[in-house]
Amino acid sequence: MSIELKNVTKRFGQVEALKDVSVTFAGGKMCGLLGNNGAGKSTLMSLVAGRIYPTAGEILIDGEPADSNRAQGKLFLMSEGNLFPEDMKVKTAMNLAGGFYPGYDKAEAEALTERFELNAKSKINKLSTGYGSIFKLVLALACNAPYLLLDEPVLGLDAQHREMFYKLLLEKYAANRCAVIFSTHLIYEAANLVEHAVVIRKGRILKDAPVEELTAGAYTVSGPAAAMDEYLLGRTVLSESGIGGLKTAAVEGEPGQVPTGLEITGLNLQDYFIALMEKEDRT
Amino acid sequence: MKALFRYRLLDDLKSLAALIAALLLAPILLSLMLATNSTNSSMTINGTGAFSTIWALVIGIAVLRGDLRLGNQFGLSRRSAFWGSVLSCTAAFAAASAILSLLTAILQVIYQSDNSRVKVMDIYQFVYGNSAAGVMPAWDYVRMACMLFALCLCFGFFGMLCTMAFWRLNKLGKWVLGVGMGLFLGVGLPNLANRLSPWLQRPARILATNVWALIAFLLIWAAVFLLGAWLLARRAAIKSAAK
């Protein structure tokens, strides 16, 4: 059970949004798709969901071509854009969803609607940004599809609703073991959810590994500048910053023998991501 | 696909109900107008064919993009969403043809008396029937329904082709197509018909005298438009509608 992209390239005119991307999103895992603005995250998700077609390469969902009915019926993409008819009401969309997704739980959808205080009688295009996201999240959680693709799912949500959503997503994941591909700029918040991370930059996959492996494979070291310069020689430095006579650096690899005066701390996913991007910016 | 088919058919039938209501209201209003008119004037209503054709064209233009978007959001393949939309519109066109032909028959029966100053006609009757006769034989209404169905399919699928063409084109392309279509239909086509008239006379006579020939002609064009619409839809990028 997996979503596979094999040598996928996507061009929009002269712009190459994805370049020879090969990646597998395993079933039953919560995966974070991380990248800067314009990295290719939304393009990748749109390709998987059949909204656009690759210029080259192939995409398979559980071994079947992604554009087949059986493959598409296994996933739900929640994205910023609204694909519902302009005059459609929230309630109508929720009633309609049951006809498309065999596992759709209408009672759950109604309960979530109440919990998020979403107005079911409102027209979808009249919802605020936050409630537009909530509406799509309710559908995503209630459809019980084997694959959930969530592109910036917490866009416009206040802190309380974000917390509610994360909790519900975890509950859904624990109950169904569905595969979740989650792209977000709020890495610090998502770090507690995702087990696996795919980092994408300028259309190429930079890292594809369990979160533990990525963060365990890097650390932060800080101390006096002179001692730091000596320590960092020969090491893969992701990022460096200094104030006065002190320096802090994010380093890839094992700390090894740490000189006195230098302090080693672990790197969380957000700090690792930022450090990685800074390293790529320099090269 | 069934869910999309049901959703779209119900939506199309709602608009058909509005069309039928308008067509029912027309003779009633005309009768009232004539009743208050002291002169001996009469009026002819000729509408079901023309109105159903325009309705089908609008349906074709309006529904396909929305159905492709909705189908994709709810996990339908491009092919299933396209065919769900096409089949539901086809069913709606069939219902429209049958109902409007029956409606014409009923109105003709109601207004058939010598004293009636309202006459209800249809394009089928003008071209293939006896325009002076009023109520036609039953089999003519069946042929009329078949003709309306073919007209609806042809214009409906033409509408789908147009909407897909405009969806795929960039801004300049849309301008070129829009202006080009207007010029072709308004200037180019009449001129072309005029130049080709010596060769077109025989085929036109066949179409004007044999309703089944016209139906076959319309169905062929419907198939061509449908194929064009599919070829444009199959790789179109699905995005949210522009606000």
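Scroll up a little and you will see the structure.
Residues numbered from 1 in each chain as written. Chains lettered and ligands numbered in written order. Predicted model: local features only at pLDDT ≥ 70, side-chain atom pairs only at ≥ 80, totals over all residues. Heavy atoms only, no water.

Undergrad: Any chance you could explain the pairing of strand β3 (residues 30-34) of chain A here in plain terms?
TA: Consecutive residues of a regular strand have side chains that alternate between opposite faces of the sheet. All names here are of chain A. Within β3, 5 of the 5 residues are buried, which leaves the element mostly enclosed by the surrounding structure. In this sheet, strand β8 (residues 179-183) lies alongside β3 in parallel orientation, the contact comprising 4 bridges. Within the sheet, the bridge partner assigned to G32 lies in β8 and is F182. Bridge analysis of β3 against strand β9 (residues 196-201) gives 4 bridges, and the strand direction is parallel. By the bridge assignment, L34 is partnered in β9 with V199. (Buried < 20%, exposed > 50% of the residue type's maximum accessible area, 1.4 Å probe, protein only. Helix = DSSP H or I, 4+ residues; strand = E, 2+ residues; numbered from the N terminus. Pairing = 2+ DSSP bridges.)

Undergrad: Explanation requested: the sheet that holds β9(A) in the structure shown.
TA: The strands that make up a sheet pair up through hydrogen bonds in the backbone, lying either parallel or antiparallel. Residues and elements named next belong to chain A. Taken together, 6 strands build an open sheet; the order of strands is β6-β7-β8-β3-β9-β10 and the sheet is mixed. Each edge of the open sheet is held by one strand with a lone partner, namely β6 (75-78) and β10 (204-210). Adjacent strand axes in the sheet meet at a mean angle of 15° when their direction is disregarded. Docked against the sheet, helix α1 (residues 41-48) engages β3, β6, β7 (147-151), β8 and β9, running at close to 150° with respect to β7. Taken strand by strand, helix α6 (residues 159-176) contacts β3, β7 and β8, and its axis lies near 155° from that of β8. (Axes fitted to C-alpha atoms, helices over the stretch in contact; angles between N-to-C directions. Contact = heavy atoms within 4.5 Å.)

Undergrad: Just to check I follow, could you spell out unusual backbone geometry for this structure?
TA: Peptide bonds are mostly trans, and most non-glycine residues show a negative phi. Residue and element names in this part refer to chain A. Despite not being glycine, D20 has its phi angle at roughly 50°, a positive value. Residue placement: D20 occurs in strand β2 (residues 15-26). The residue D62 is not glycine, and still its phi comes out positive at about 50°.

Undergrad: What should I look at first to understand helix α6 (residues 171-209) of chain B in this one?
TA: Note on helix geometry: an α-helix contains 3.6 residues per turn, so any two residues three or four positions apart are oriented the same way. Its 39 residues place the ends of α6(B) only 44 Å apart at the C-alpha level, less than the 57 Å of an ideal helix rising 1.5 Å per residue. The largest bend in α6(B) comes to about 85°, at B:S197, with the proline B:P198 one to four residues further on. (Expected span 1.5 Å × (residues − 1). Bend = angle between axes of the 7 residues up to and from the residue.)

Undergrad: So what exactly am I meant to see when it comes to the packing of aromatic side chains here?
TA: Two numbers describe a pair of aromatic rings. These are the distance of the centres and the angle of the planes. Taken as a whole and judged by the stated rule, the model has 14 aromatic pairs over all chains. Plain terms: the ring middles of A:F84 and B:F74 are 5.5 Å apart, the flat faces sit at 70° to each other, and that makes the pair edge-to-face. Of this pair, A:F84 sits in the loop between β6 and α3 (90-100) while B:F74 sits in the loop between α2 (48-73) and α3 (78-110), which puts the two residues in different chains. With relative accessibility at 5%, the residue A:F84 sits in the buried group. Directly above the aromatic system of A:F12 lies the positively charged group of A:K10, at a separation of 5.1 Å from the ring centroid. Of note, A:R235 hangs over the ring of A:Y231, and the distance from its end group to the ring centre comes to 4.1 Å. (Phe/Tyr/Trp six-rings, centres within 6.5 Å; stacked < 30°, edge-to-face > 60°. Lys NZ or Arg CZ within 6 Å of the ring centre and 35° of its normal.)

Undergrad: Any chance you could explain the sheet that holds strand β13 (residues 246-252) of chain A here in plain terms?
TA: Residues and elements named next belong to chain A. Read from one edge to the other, the open sheet built from 4 strands follows the order β12-β13-β11-β14, with strand pairing classed as antiparallel. Single-partner strands in this sheet number two, and they are β12 (236-243) and β14 (263-266). For this sheet the average axis-to-axis angle between neighbouring strands, irrespective of direction, equals 20°. Examined bridge by bridge, strand β11 (residues 218-224) and β14 share 4 bridges and lie antiparallel to one another. Directly across from V221, in β14, lies its bridge partner I264. Across the sheet, helix α9 (residues 225-232) is in contact with β11, β12, β13 and β14; its angle to β11 comes to roughly 140°. Sheet strands touched by helix α10 (residues 269-282): β11, β12 and β13. Its angle to β12, the strand with the most contacts, is close to 100°.

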